[in-house]
Amino acid sequence: MPEPKIRKFFTTVEEIMHEGGPVADKPLKRGAVLAVIENPFAGSYHEEISGFMKDLEPLGLEMAKRLIVALGGDKADIQGYGKGAIVGQAGELEHGALWHVPGGYAMREALGDAKAIVPSTKKVGGPATRLDVPVTHINASYVRSHFDAMEVGIPDAPRANEIVLALVMTTGSRIHARVGGLKAEDIKAQDGLR
């Protein structure tokens with residue numbers, strides 16, 4: 001397969017001071033980097049598509065590094081992550097599934113061997129489609145305070161023959177997390193769950 005043809009990147013960072021409660025000592029940052037690429041499978045069914053995952057690996061790593069920089073540049077500050085894809089209407093949902101491995105492993109590599117599986121979502125839609133990308137803690141999926149999501153999208157993407165690939169990272173828990181469960185400081189970091 002050819003390397004991905006990129007139309008553009010989009011990066012955004014939000015800083016959350018509070019959600020109606022007391023102002024946090026340190027704001028929560030949630031960031032996303034999106035890449036709009038040409039879908040090489042758009043318009044017709046292709047039985048073999050899995051080879052394109054390998055072609056997406058360098059792009060995944062580039063996006064992960066861009067996102068770490070956007071969030072301040074120190075990978076040690078990153079505590080949560082997630083990924084997603086929006087496939088243009090001439091494609092199929094399975095084309096978004098191609099992002100699972102290259103997107104997830106790129107973030108885990110860039111962050112230095114994060115343990116937890118990277119949660120994900122995908123859908124088919126037209127330009128301006130929004131996607132809620134799920135987020136969990138990078139080392140233990142059961143850390144309830146880090147269950148979160150970030151809405152992403154681009155006004156002019158995806159076009160019918162495109163895919164929007166998304167990576168999301170956060171610097172902490174929800175700003176007023178207080179519903180119990182496993183705490184980040186109690187992670188054993190052995191199995192990516194607890």
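Located above this text is the structure these notes cover.
Residues numbered from 1 in each chain as written. Predicted model: local features only at pLDDT ≥ 70, side-chain atom pairs only at ≥ 80, totals over all residues. Heavy atoms only, no water.

Asker: For this particular structure, what's the right way to read the environment of Tyr142?
Answerer: Take Tyr142: it is sitting in the loop between strand 5 (131–137) and strand 6 (148–152). C-alpha of Tyr142 to C-alpha of Gly181: the two residues are 39 residues apart in sequence and 7.7 Å apart in space. (Helix = DSSP H or I, 4+ residues; strand = E, 2+ residues; numbered from the N terminus.)

Asker: Please explain the layout of surface pockets as it appears in this structure.
Answerer: To find leftover empty space, one rolls a probe the size of a water molecule over the atoms. Computed from the structure, the largest pocket encloses a volume of approximately 170 Å³. Lining the largest pocket we find Arg144, Ser145, Arg174, Ala177, Arg178, Val179, Gly180, Gly181, Leu182, Lys183, Ala184 and Glu185. A per-class count over the lining of the largest pocket returns four nonpolar, three polar and five charged. (1 Å grid on protein atoms, 1.4 Å probe; cavity = no way out; pocket = protein on both sides within 12 Å on 5 of 7 lines; lining within 4 Å. Points joined across faces, edges and corners; volume = space filled by probe spheres on them. Nonpolar A, V, L, I, M, F, W, Y, C, P; charged D, E, K, R; others polar.)

Asker: Teacher, can you tell me more about the packing of aromatic side chains here?
Answerer: The geometry of an aromatic ring pair is captured by the separation of the ring centres together with the interplanar angle, meaning the angle of the planes. Applying the stated criterion across every chain, the model contains one aromatic pair. Relative to Phe52, the ring of Phe41 lies with its centre 5.8 Å away and its plane at 90°, an arrangement referred to as edge-to-face. Of the two residues, Phe41 sits in the loop between strand 2 (28–38) and helix 1 (51–70) while Phe52 sits in helix 1, which places them eleven residues apart along the sequence. By the burial criterion, Phe41 is buried, and Phe52 matches it. (Phe/Tyr/Trp six-rings, centres within 6.5 Å; stacked < 30°, edge-to-face > 60°. Buried < 20%, exposed > 50% of the residue type's maximum accessible area, 1.4 Å probe, protein only.)

Asker: Sorry, what's going on with the packing of helix 1 against helix 3 (residues 100–110) here?
Answerer: Any two packed helices are characterised by how steeply their axes cross, that is the angle between the axes, and by the distance between the axes. Contact pair helix 1 / helix 3: the axes reach a minimum separation of 8 Å and the direction vectors enclose 45°. The angle between helix 1 and helix 3 falls in the class oblique. In this structure, helix 1 meets helix 3 at a crossing whose hand is right-handed. Taken together, the residues of helix 3 that come into contact with helix 1 (itself represented by Met53, Leu56, Glu57, Gly60, Leu61, Ala64 and Ile68) are Val101, Pro102, Ala106, Met107, Glu109 and Ala110. (Axes fitted to C-alpha atoms, helices over the stretch in contact; angles between N-to-C directions. Parallel < 35°, antiparallel > 145°, perpendicular 65-115°, else oblique. Left-handed = near helix turned anticlockwise from the far one by under 90°. Contact = heavy atoms within 4.5 Å.)

Asker: Please clarify how helix 3 should be interpreted in this entry.
Answerer: An α-helical turn contains 3.6 residues, so a residue and the one three or four places further along point in the same direction. Taken residue by residue, helix 3 has Pro102, Gly103, Gly104, Ala106, Met107 and Ala110 as its buried positions. Its buried side turned inward, helix 3 meets helix 1, strand 3 (80–87) and strand 7 (162–170). Remark: Gly112 follows helix 3 within two positions and exhibits a positive phi of approximately 85°.

Asker: Looking at this model, I keep getting lost on the pattern of salt bridges. Mind explaining?
Answerer: Taken as a whole and judged by the stated rule, the model has nine salt bridges. Residues Arg30 and Asp148 are paired through a salt bridge, measuring 2.8 Å at the closest nitrogen-oxygen approach. Here Arg30, found in strand 2, pairs with Asp148, found in strand 6; they are 118 residues apart in sequence, far enough to count as distant. Of the residues examined, Arg30 reaches a relative accessible area of 14% and is grouped as buried. Taking the shortest distance from any N to any O, the salt bridge between Glu151 and Arg130 comes out at 3.5 Å. One end of the pair, Glu151, is in strand 6; the other, Arg130, is in the loop between strand 4 (120–124) and strand 5, with 21 residues separating them in the sequence. (Salt bridge = Lys/Arg side-chain N within 4 Å of Asp/Glu carboxyl O.)

Asker: Explain helix 1 to me, please; I cannot follow it from the model alone.
Answerer: Its 20 residues give helix 1 an end-to-end C-alpha distance of 30 Å, which sits within 8% of 28 Å, the value for a rise of 1.5 Å per residue. Within the sequence span of helix 1, burial applies to Phe52, Asp55, Leu56, Leu59, Gly60, Leu61, Met63, Ala64, Leu67 and Ile68. Elements that come into contact with the buried residues of helix 1 comprise strand 1 (6–16), strand 2, helix 3 and strand 7. Gly72 occupies a position one or two residues after helix 1 and carries a positive phi of about 120°. (Expected span 1.5 Å × (residues − 1).)

Asker: Even after reading the chapter, I still don't get unusual backbone geometry, so can you show me in this structure?
Answerer: Residues Ala157 and Pro158 are joined by a peptide bond in cis, for which omega reads 5°. By the element assignment, Pro158 lies in the loop between strand 6 and strand 7. A positive phi angle, near 75°, is found at Ala128, a position not held by glycine. Topologically, Ala128 is positioned in the loop between strand 4 and strand 5. Given a relative accessible area of 40%, Ala128 falls into the partly exposed group.

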